[in-house]
Amino acid sequence: MTEQLAERRRFAPWAIGLPLLALSRTLRVDEPPLLLALRRLVDAGALVYRGDYYAMPGVQPELTVEQRAFFEGAFPPNDQDPFLPVEYTDIRKAISAARLFGCIQAFDALLACGTFVHVGKMLYRDEQIEQIKERLVATLQQEGKITPSRFCEVTGLTRKYAIPLLEWFDVQGVSIRTSDARIGRDSLS
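Residues numbered from 1 in each chain as written. Predicted model: local features only at pLDDT ≥ 70, side-chain atom pairs only at ≥ 80, totals over all residues. Heavy atoms only, no water.

A. Spotlight on the layout of surface pockets. What the largest pocket holds in volume is close to 180 Å³. Forming the boundary of the largest pocket are Leu-63, Arg-68, Phe-71, Glu-72, Phe-75, Pro-77, Leu-110, Thr-115, Phe-116, Arg-125 and Glu-127. Residue composition of the lining of the largest pocket, by class: 6 nonpolar, 1 polar and 4 charged. (1 Å grid on protein atoms, 1.4 Å probe; cavity = no way out; pocket = protein on both sides within 12 Å on 5 of 7 lines; lining within 4 Å. Points joined across faces, edges and corners; volume = space filled by probe spheres on them. Nonpolar A, V, L, I, M, F, W, Y, C, P; charged D, E, K, R; others polar.)

Listed below in structure tokens is the structure:
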């Protein structure tokens, strides 16, 4: 199995690994027993499972110059609205229109590795999420709670973006929703 993952890496360094179906076909093994074996390897630390892909530990996507330029152009930082995301479907359409070799797999790898974060219908860069999280956590520590309107003030985002982000942070274990606000997870201890 590691040979197949290494071969994939040589052929497509922008991909982080292979999904279950591809491994099943490559190894000519039925999916159910392969899934059990893969889970054991993940539990043992011999493989990692990220975003539906099985990969060797520590593997990160290595984009081509063209792929890197595409993603930087499709989702450039916005100095005036640093937390403003892009529509996920717009990026997918741009990838299809670009017809750039390996771009779809590179995008999947960037999502799986957390370089891009899909929240609701939007796509954020990891730096945006980290900075938004820092503001959320700082406000929770200073004020004890945060309402959606306060979150909008803290981030400069509208409710269109704020509500899905707050829900995402709840799922990530950063905050917990109360009736009209969020509190920090650590405030329950």
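Now that the structure is up, let's keep going.
B. Here's a closer look at the packing of helix α4 (residues 65–74) against helix α6 (residues 103–113). Two elements in contact, α4 and α6, have axes whose closest approach is 11 Å; the angle formed by their N-to-C orientations is 65 degrees. Two packed elements cross with a definite hand, and for α4 against α6 that hand is right-handed. Residues Gln-67, Phe-70 and Phe-71 of α4 form the contact with α6, whose own contacting residues are Cys-103, Ala-106, Phe-107 and Leu-110. Considering only residue class, the contact of α4 with α6 consists of 6 nonpolar, 1 polar and no charged. (Axes fitted to C-alpha atoms, helices over the stretch in contact; angles between N-to-C directions. Helix = DSSP H or I, 4+ residues; strand = E, 2+ residues; numbered from the N terminus. Left-handed = near helix turned anticlockwise from the far one by under 90°. Contact = heavy atoms within 4.5 Å.)

C. Just the sheet that holds strand β4 (residues 116–119), in detail. Across the sheet, 3 strands lie side by side as β3-β5-β4; this open sheet has antiparallel pairing. Bordering the open sheet on either side are β3 (86–87) and β4, each of which pairs with just one other strand. Where β4 meets strand β5 (residues 122–125), 4 bridges bridge the pair, whose relative direction is antiparallel. Of the residues in β5, the one forming a bridge with Val-117 is Tyr-124. (Pairing = 2+ DSSP bridges.)

D. Representation of the packing of aromatic side chains in the model. Scanning all chains against the criterion turns up 10 aromatic pairs. With 6.1 Å between their ring centres and 15 degrees between their planes, Phe-71 and Phe-107 make a pair best called stacked. Linking Phe-71 in helix α4 with Phe-107 in helix α6, this pair joins segments that are 36 residues apart in sequence. A relative accessible area of 6% means that Phe-71 is categorised as buried. Accessibility expressed as a relative area gives 0% for Phe-107, which makes it buried. Pairwise contacts between aromatic rings join Phe-70, Phe-71, Phe-75, Tyr-88, Phe-107 and Phe-116 into one cluster. (Phe/Tyr/Trp six-rings, centres within 6.5 Å; stacked < 30°, edge-to-face > 60°. Buried < 20%, exposed > 50% of the residue type's maximum accessible area, 1.4 Å probe, protein only.)

E. Spotlight on unusual backbone geometry. A positive phi is found at Asp-52, a non-glycine position, where the angle reads about 75 degrees. Among the structural elements, Asp-52 can be located in the loop between β1 (48–50) and β2 (53–55). The residue Arg-99 is not glycine, and still its phi comes out positive at about 50 degrees. Along the polypeptide, Arg-99 turns up in the loop between α5 (88–98) and α6.

F. Structural detail: the nonpolar core. Grouped together as the largest cluster of nonpolar side chains are 20 residues, with contacts concentrated most on Tyr-124, Ile-129, Ile-132, Leu-136, Phe-151, Leu-165 and Phe-169. The element contributing the most residues to this core is helix α9 (residues 159–171), with 5 residues. Core analysis: the second largest hydrophobic core is formed by 17 residues, Ala-12, Phe-75, Ala-106 and Leu-110 among them. (Core = buried A, V, L, I, M, F, W, Y, C linked by side-chain atoms within 4.5 Å.)

G. Broad picture of the state of the cysteines. Per the stated rule, a full pass over the model turns up 0 disulfides. Summary of cysteine pairing: Cys-103 is not part of a disulfide, and the nearest cysteine sulfur, belonging to Cys-113, is at 15 Å. Take Cys-103: its relative accessible area is 2%, and that puts it in the buried class. (Disulfide = S-S within 2.5 Å.)

H. Here's a closer look at the environment of Pro-82. Summarising the element assignment, Pro-82 is placed in the loop between α4 and β3. Exposure remark for Pro-82: the relative accessible area of 38% places this residue in the partly exposed category. For the pair Pro-82 and Leu-20, spaced 62 residues apart in sequence, the C-alpha separation works out to 37 Å. Residues within four places of Pro-82 in sequence aside, it is in contact with Arg-125 and Gln-128.

Don't take any of this as a statement about function, it's just geometry.
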